[in-house]
Amino acid sequence: MSKSEFSGHLDKMRIRPAATVAYSLVLNNEEYPINDFLGKSLSLSWEGDIHCRACNRPTNKSFSQGYCYPCFTKLPECDSCIMSPEKCHFHLGTCRDAAWGERVCFNDHIVYLANSSGIKVGITRMKNMPSRWLDQGAAQALPIARVATRRLAGLVEDIIRRDIADKTNWRAMLKGDSPELDLVSERDRLKEHFAEELNQLELEQGPGSITWLTNESVRHFNYPVIEYPTKVSSHNFDKTAEVSGRLMGMKGQYLILDTGVINLRKFTSYNVRVTVNRES
């Protein structure tokens, strides 16, 4: 059979660590491994409908990567503190869903350094390592501290990002791996540079509230890419319903085609048909 075709509502790609990172498209919760499609002609067609990832109702527009507007305004996972955890307001009694907050935000979190488009600081729940780094297209990552709550992780990140970025430059990330960095030395430098603020934060939160991870090793990741683009142009289903080209690679949540790149996570909940020409 020269062609493969599958369809359904998109979720973010599943990415698993391996000698070369393994990718799968996810449509209607079914996984379709795609590393073997490298070099093949690929077509993705938006069928015109979007269904909210939470309540499944039809929506004309996707909010916060896959939600309808009512869910976007009510669900805790769409609150502003998800993007800015230092602004967590659970302690004020205003969490959108206290049970959800207790389950998600009150468990061990990691503050980390990563190298995707240069050095950055970020946070993630312990159980989300290394998927968080793979989602960001990091070539290197190093856990630097463990804390007990999401808010405290955000407060540590808020201090450190005064010196380094807390965002990935996605265009730079998609042009190839950044030069290798000495993340261990950077960890030590940042800890010393912000010693006063970090010590004060730990004093406020309680002794031992921040555990510095001095024995962690740097993780390295190799992405399945035949060729990186020299100029990055992006596809958008909202502007062009059909996207096609030769699949040159995957990095982060992006497909790299010879015609441009597309961030599949941005189009979570879009109903998409995928066609692969295996003979190309």
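Use the structure listed above.
Counting restarts for each chain: residues are numbered from 1 in the order of the written sequence. In view of the model being predicted, local features appear only for residues whose pLDDT reaches at least 70, and side-chain atom pairs are presented and counted only at 80 or more, with totals across whole chains, interfaces and linings using the full set of residues. As a convention, hydrogens and water are excluded, and side-chain values are obtained from all of the structure's heavy atoms.

**Student:** Give a detailed account of the nonpolar core, specifying residues and quantitative values.
**Tutor:** Ranked by size, the top nonpolar core spans 45 residues in total, and within it F237, L255 and V274 carry the most contacts. Two residues form a contact once any of their heavy atoms are found within 4.5 Å. Aside from chain neighbours lying at most four places away, what touches V274 is S4, E5, F6, L25, L27, L42, S43 and L44. Nonpolar cores are built from buried Ala, Val, Leu, Ile, Met, Phe, Trp, Tyr and Cys residues. Side-chain atoms within 4.5 Å join them into one set. Note on exposure labels: buried denotes an accessible area under 20% of the residue type's maximum, exposed denotes more than 50%, and partly exposed covers the range between, all computed with a 1.4 Å probe on protein chains only. V111, I123, L155 and I210 belong to the second largest nonpolar core, which has 21 residues in total.

**Student:** Kindly report on the packing of helix 7 (residues 183-193) against helix 8 (residues 195-205), identifying the contributing residues and their values.
**Tutor:** Here, axes are lines fitted to C-alpha atoms. For helices the fit covers the stretch in contact, and angles between N-to-C directions go from 0 to 180 degrees. Counting from the N terminus, the helices are DSSP H or I runs at least four residues long and the strands are E runs at least two residues long. Two elements in contact, helix 7 and helix 8, have axes separated by 5 Å at closest approach and are oriented at 75 degrees. Classed by the angle they form, the pair helix 7 and helix 8 counts as roughly perpendicular. In this structure, helix 7 uses L190, K191, E192 and H193 to contact helix 8, whose residues at the interface are A195, E197 and L198. Split into classes, the residues belonging to the contact of helix 7 with helix 8 amount to three nonpolar, one polar and three charged. Roughly parallel here means an angle under 35 degrees, roughly antiparallel means over 145, roughly perpendicular means 65 to 115, and every remaining angle is called oblique. Nonpolar residues are Ala, Val, Leu, Ile, Met, Phe, Trp, Tyr, Cys and Pro. Charged residues are Asp, Glu, Lys and Arg, and all others, Gly as well, are polar.

**Student:** Could you give me a rundown of the packing of aromatic side chains, with the residues and numbers involved?
**Tutor:** Put simply, two rings from Phe, Tyr or Trp (the six-membered ring, in Trp's case) pair if the centres are within 6.5 Å, and we call them stacked under 30 degrees between planes, edge-to-face over 60, tilted for the rest. Per the counting criterion, the structure on display carries 13 aromatic pairs. Look at W170 and Y254: their rings are 5.6 Å apart centre to centre, the planes differ by 10 degrees, and that puts the pair in the stacked class. Of this pair, W170 sits in helix 6 (residues 170-173) while Y254 sits in strand 11 (residues 254-257), and the two are 84 residues apart along the sequence. You can call W170 partly exposed: its relative accessible area is 28%. For the pair F267 and Y270, a centre-to-centre distance of 5.1 Å together with 80 degrees between the ring planes defines the contact as edge-to-face. Overall, the relative accessible area of 1% leaves F267 in the buried class. Among the aromatic residues, those joined into a cluster by ring pairs are W46, F237, F267 and Y270.

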